[in-house]
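Listed below, chain by chain, are the residues.
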Amino acid sequence: IQLEALIGSICDDQEDLGRPVTLVSADKITYRCRPDGLRRAIRNIVENAVRYGSEAKVLILQTATTVDIVVEDRGPGIPDDMKEKVFAPFFRLEASRNKQTGGIGLGLAIARAVARQHGGDIAFVTMENGMRTIISLPRHDDSEASRAAISKRWSVSAAIIPARRRRQATSISS
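This report concerns the structure included in the present document. The structure presented is a predicted model; accordingly, all values stated were derived computationally and were not measured.

What follows concerns the packing of aromatic side chains. The description of an aromatic ring pair rests on the distance of the ring centres and on the angle between the ring planes. This model, assessed by the stated rule, comprises one aromatic pair. With 5.3 Å between their ring centres and 20° between their planes, Phe87 and Phe124 make a pair best called stacked. Taken together, the residues span a long stretch of sequence, with Phe87 in the loop between strand S3 (66-73) and helix H3 (107-117) and Phe124 in strand S4 (residues 121-127) at a distance of 37 residues. With respect to burial, Phe87 and Phe124 carry one shared label: buried. The cationic tip of Arg112 hangs over the ring face of Phe87; the distance from NZ or CZ to the ring centre is 3.8 Å.

Set out below in structure tokens:
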């Protein structure tokens, strides 16, 4: 997919709902992923930034080994001793359990699960005037060696599936 288009559409959707969301910078990046899962993870992070930090600014940055989706807000951040706990399902920093003040505590758990399914993770950085949430995903190498390794992996998988079927067929007829 075109990653900047995916993220741009999330930001546009949020803006259409009257939420202060801005895509600040986005390099054109083609990325192999599960777009529905990644869309949901990014949307969860952006919605949290707006809900708890009054706005969201989204950037896409590339390093030598990662593609980082950065969401900045102006909220109070997450205390250091809670930064790992917020990924637990049904955990909320906001303790009232009132749905008007937040969700049910699944957004960050889902976002992290999706990031990890893609080989990445999520980190929080507390800034002077807000927080930065970084979804860091591994870069895909489009070199000839990488394509050959992927092709070989698919060839091995194709050989394993028929072998399993033969074993299953043998055990049933015995």
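Side chains of Asp12, Asp13, Glu15 and Asp16 sit close together on the surface and give a patch of like negative charge. Structurally, Asp12 can be placed in helix H1 (residues 3-16). Judged by relative accessible area, which is 41%, Asp12 ranks as partly exposed.

Conventions used here
- Residues numbered from 1 in each chain as written.
- Predicted model: local features only at pLDDT ≥ 70, side-chain atom pairs only at ≥ 80, totals over all residues.
- Heavy atoms only, no water.
- Phe/Tyr/Trp six-rings, centres within 6.5 Å; stacked < 30°, edge-to-face > 60°.
- Helix = DSSP H or I, 4+ residues; strand = E, 2+ residues; numbered from the N terminus.
- Buried < 20%, exposed > 50% of the residue type's maximum accessible area, 1.4 Å probe, protein only.
- Lys NZ or Arg CZ within 6 Å of the ring centre and 35° of its normal.
- Patch = residues over 30% accessible without salt bridge, like charges linked within 9 Å, V, L, I, M, F, W, Y side chains within 5 Å.
- Areas by Shrake-Rupley, 256 points an atom, 1.4 Å probe, with all protein chains shown as cover.
- Salt bridge = Lys/Arg side-chain N within 4 Å of Asp/Glu carboxyl O.
- Lys, Arg positive; Asp, Glu negative; His and termini not counted.
- Charge placed at Lys NZ, Arg CZ, Asp CG, Glu CD.

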